[in-house]
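# Coordinate analysis (summary)
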There are 2 protein chains.
Amino acid sequence: MEELKLDMDSYLPLRDVVFHTLRDAILKGDLAPGERLMEIHLANKLGVSRTPIREAIRMLEKEGLAVTIPRKGAQVARMTEKDLEDVLEIRDALDELAVSDACNRMTEENYADLKRAMETFSEAAKTKDVRAIVEADEEFHNVIYRAANNPKLENIIRNLKEQMYRYRYEYVKGDADFLQLVNEHEQIVEGLREKDSVGVKAIMHTHLRNQVESVRGVIRRQNREEA
Amino acid sequence: MEELKLDMDSYLPLRDVVFHTLRDAILKGDLAPGERLMEIHLANKLGVSRTPIREAIRMLEKEGLAVTIPRKGAQVARMTEKDLEDVLEIRDALDELAVSDACNRMTEENYADLKRAMETFSEAAKTKDVRAIVEADEEFHNVIYRAANNPKLENIIRNLKEQMYRYRYEYVKGDADFLQLVNEHEQIVEGLREKDSVGVKAIMHTHLRNQVESVRGVIRRQNREEA
DNA sequence: AAAATAAGTACTGTATACAAAGTGCATAGT
DNA sequence: ACTATGCACTTTGTATACAGTACTTATTTT
């Protein structure tokens, strides 16, 4: 009985499997920007029919990861520097909102999670293991999003982050001052504890600004190379 | 030659036609929240096959207008009071961003459009024609979004507005002080002209707050009725 | 009489078939 | 040699057929 129920819970329509597969491939760069998403080809490759492929493409479209030209087909969305700047700008505004909400709505449990995430980040920063640092940073911010208690906001932010997923390592890899980041995280936690929503928004803004600038630099260098 | 080209441009895949049809029906309330979206039924009703219906449903899903339970089908998304509050909160933050961007990036043409939109709104306010007022208000804000020159931001805001489309008349219909609104619009235009991004954000915030409160009231009353 | 089970129905999930349109290459004409 | 036209191939757009699951209702058993 239980096993059946588990099967039910773990059941995913093929369209969702395909969607996740394609999304990951795009985010990891296995499918390059501009690359065509041909239905039959993908169907054969993934061992499914065209129907779930098409539905997955419609979903990717709405997530901004693919664009389709009628009667020509879909391709992986290209991102210009301007597009990324636009995304970063929105993320900045929404991260400020999230942290401000978190101020007012945070539970004891959220706060405990946050402190744990902060400590994990501190530890990771010492190791200089880029992958671990990025993951710890993600988790720190995710705790804040959860604490904000606004699922729609979480969705939008997740989607925005997705669109710049390729650049997630660049800041930390580059010229990040880890101690500074740790310090900023501490300030954010402190601000949340004090429920100083104005102050914490300001800190979050500066905290993101460095990352934003770093990503900008990477993109500019990339574009120069391409040209 | 030209007519052919026009034909090409005006071609829309059936999935898009269906998508727009269903979206409008949901927004106008012809399809009530919780109502099932049955594929064969819709296909017959719209005179198409199930395939474009399914693709349209996938798009509606990503827009937050429908939810589907695997193997049970899709239904029009229900919106709780909390959902709407969440949406309003995000809109507030993003409208602040938009108006702040508009401050920095507005062209002469944008400014001319804005003044025109403001005047149209003033005229509409005098007539007390609710429909005209709402439309003029929409246009006023749309000019600002365009001036912000951030297409992704525009998209997100459009999507958020869509989710509360049903309530768009409620504020104006209810207890709005038209002269106050006209005054706020004037202040916004003034702030944009002066490029006072901090001030204009504040005005936009208060400008929205009243509408937000009004929509909240409507929803609460509705929910009480339902209970 | 109530509860459980089984059958039937209706819907979704997936695959495939057919039609139409666009692209590219080859061939022929200038 | 170059251009234009036509044909073949690829790919999308749409419809339909088939399979599987869940829900409803009726019947049977306790």
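What you are looking at is a predicted structure, and each value in this text was computed from that prediction instead of being measured.

### A short note on the overall build of chain A
Broken down by element type, chain A carries eleven helices and three strands. Here the C-alpha coordinates of chain A stretch approximately 60 × 55 × 30 Å along the principal axes. Pairs at least 24 residues apart make up 73% of the contacts formed inside chain A by residues separated by at least 6 positions. On chain A, roughly 12100 Å² of surface is accessible, and the fraction owed to carbon and sulfur atoms is 49%. Of the side chains in chain A, 36 bear a positive and 44 a negative charge, and the two mean positions are spaced by 6 Å.

### A closer look at the protein's contact with DNA strand C
Near DNA strand C, the surroundings consist of 23 residues, among which L14(A), S49(A), T51(A), E39(B) and R50(B) are the closest. Restricting the count to atoms of DNA strand C within 4 Å of the protein gives a sugar and phosphate share of 67%. Here S49(A) contributes a backbone N or O atom positioned 2.6 Å from a phosphate oxygen of DNA strand C. When contributions to the surface near DNA strand C are tallied by element, the ones reaching two or more residues are α2 (14-28) and α4 (50-62) of chain A together with β1 (36-37), α3 (39-46) and α4 (50-63) of chain B. It is α4(A) that provides the largest number of residues to the surface near DNA strand C, a total of three residues. Of the residues belonging to the surface near DNA strand C, the class tally is ten nonpolar, three polar and ten charged.

### Some thoughts on a nonpolar patch on the surface
Residue and element names in this part refer to chain A. A grouping of L12, L14 and V17 is seen on the molecular surface, where their side chains present a nonpolar patch of about 240 Å² in accessible area. Counting through the fold element by element, L14 comes out in helix α2. The class of L14 is partly exposed, set by a relative accessible area of 46%.

### What about the interface of chain B and chain A?
Each partner contributes residues to the interface: chain B has 33 residues there, and chain A has 33 residues. Carbon and sulfur atoms make up 59% of the surface buried where chain B meets chain A, a total of about 2900 Å² over both sides. Taken together, the links from chain B to chain A amount to eight salt bridges. Note that E89(B) and R105(A) form a salt bridge whose closest N and O atoms lie 2.6 Å from each other. For the interface between chain B and chain A, the tally reads 16 residue pairs in polar contact (both at pLDDT 80 or more). Counting only elements with at least two residues in the side of chain B that touches chain A, the list comes to α2 (14-28), α4, α5 (81-105) and α8 (151-163) of chain B.

### A look at the layout of surface pockets
Take a probe with the size of a water molecule and roll it over the atoms, and the empty space left behind shows itself. Empty space within the second largest pocket amounts to approximately 1000 Å³. What lines the second largest pocket is a set of 40 residues, among which A93(A), E96(A), A93(B), E96(B) and K201(B) lie closest to the centre. Looking at the lining of the second largest pocket, the elements with two or more residues in it are α5 (81-105) and α11 (197-226) of chain A together with α5 and α11 (197-226) of chain B. Per-element accounting of the lining of the second largest pocket gives the leading share, 13 residues, to α5(A). When its residues are assigned to classes, the lining of the second largest pocket shows ten nonpolar, six polar and 24 charged.

### Considering the relation of the copies chain B and chain A
Under the fitted operation, chain B is carried onto chain A by 0.0 Å of movement along the axis and a turn of 180°, and the coordinates agree to an RMSD of 0.1 Å. Both chain copies can therefore be described as sitting about a two-fold axis. An overlap of 100% is found between the interface residues of chain B and their copies at the interface of chain A, pointing to a shared contact surface.

### Overview of the sheet that holds strand β2 (residues 66-69) of chain A
Residue and element names in this part refer to chain A. Pairing within the open sheet is antiparallel, and its three strands lie in the order β1-β3-β2. Of all strands in the sheet, those bounded by a partner on one side alone are β1 (36-37) and β2. Where β2 and strand β3 (residues 73-76) come together, four bridges link them in antiparallel fashion. Bridged to A66 within β3 is V76. The sheet contacts of α4 involve β1, β2 and β3, and relative to β2 the element is tilted by about 115°.

### Here's the deal with the protein's contact with DNA strand D
Near DNA strand D there are 23 residues, and of these M38(A), R50(A), L14(B), S49(B) and T51(B) occur at the shortest range. Each atom of DNA strand D within 4 Å of the protein was assigned to sugar, phosphate or base; sugar and phosphate come to 64%. Within the backbone of S49(B), one N or O atom sits 2.6 Å away from a phosphate oxygen of DNA strand D. Going through the elements one at a time, β1, α3 (39-46) and α4 of chain A together with α2 and α4 of chain B are the ones with two or more residues in the surface near DNA strand D. Sorting elements by how many residues they give to the surface near DNA strand D places α4(B) first, with three residues.

### Quick notes on α3(B)
All names here are of chain B. By the burial criterion, the buried members of α3 are E39, L42 and A43. Looking straight down α3, one finds its buried side chains confined to an arc of 105°; they lie on one side. Facing away from the buried side of α3 by more than 90 degrees, the exposed set consists of I40, N44 and K45. For α3, the elements touching its buried residues are α2, β1 and α4. Backbone geometry just downstream of α3 places G47 in the positive-phi region, at approximately 70°.

### Focus: unusual backbone geometry
Peptide bonds are, in most cases, trans, and in most cases residues other than glycine have a negative phi. In this structure, K195(A) is a non-glycine residue whose phi angle is positive, near 55°. The residue K195(A) is located in the loop between α10 (178-194) and α11 in this model. A positive phi angle, near 60°, is found at N149(B), a position not held by glycine. Among the structural elements, N149(B) can be located in the loop between α7 (130-148) and α8. On the accessibility criterion, N149(B) (41% relative accessible area) is partly exposed.

### Looking at the pairing of β3(A)
Every regular strand shows the same layout, with side chains that alternate between the two sheet faces. The alternating pattern of β3(A) places A74(A) and V76(A) on a buried face and G73(A) and Q75(A) on a face that is not buried. The antiparallel pairing of β2(A) with β3(A) creates a hairpin that spans three residues between the two strands, and R71(A) there sits at a positive phi of about 65°.

### A word on the sheet that holds strand β2 (residues 66-69) of chain B
An order of β1-β3-β2 (chain B) is seen for the three strands of this open sheet, with the pairing classed as antiparallel. Edge positions in the sheet fall to β1 and β2 of chain B, since each has one partner strand and no second.

Criteria and cut-off values
Residues numbered from 1 in each chain as written. Chains lettered and ligands numbered in written order. Predicted model: local features only at pLDDT ≥ 70, side-chain atom pairs only at ≥ 80, totals over all residues. Heavy atoms only, no water. Helix = DSSP H or I, 4+ residues; strand = E, 2+ residues; numbered from the N terminus. Contact = heavy atoms within 4.5 Å. Areas by Shrake-Rupley, 256 points an atom, 1.4 Å probe, with all protein chains shown as cover. Lys, Arg positive; Asp, Glu negative; His and termini not counted. Charge placed at Lys NZ, Arg CZ, Asp CG, Glu CD. Near = heavy atom within 4 Å. Polar contact = N/O pair within 3.5 Å; in protein donor to acceptor, adjacent residues only side chain to side chain. Nonpolar A, V, L, I, M, F, W, Y, C, P; charged D, E, K, R; others polar. Patch = residues over 30% accessible without salt bridge, like charges linked within 9 Å, V, L, I, M, F, W, Y side chains within 5 Å. Salt bridge = Lys/Arg side-chain N within 4 Å of Asp/Glu carboxyl O. Buried < 20%, exposed > 50% of the residue type's maximum accessible area, 1.4 Å probe, protein only. Buried area = accessible area lost by both parts, 1.4 Å probe. 1 Å grid on protein atoms, 1.4 Å probe; cavity = no way out; pocket = protein on both sides within 12 Å on 5 of 7 lines; lining within 4 Å. Points joined across faces, edges and corners; volume = space filled by probe spheres on them. Least-squares fit on C-alpha atoms with pLDDT ≥ 70 in both. Pairing = 2+ DSSP bridges. Axes fitted to C-alpha atoms, helices over the stretch in contact; angles between N-to-C directions. Arc of directions from axis to C-beta.

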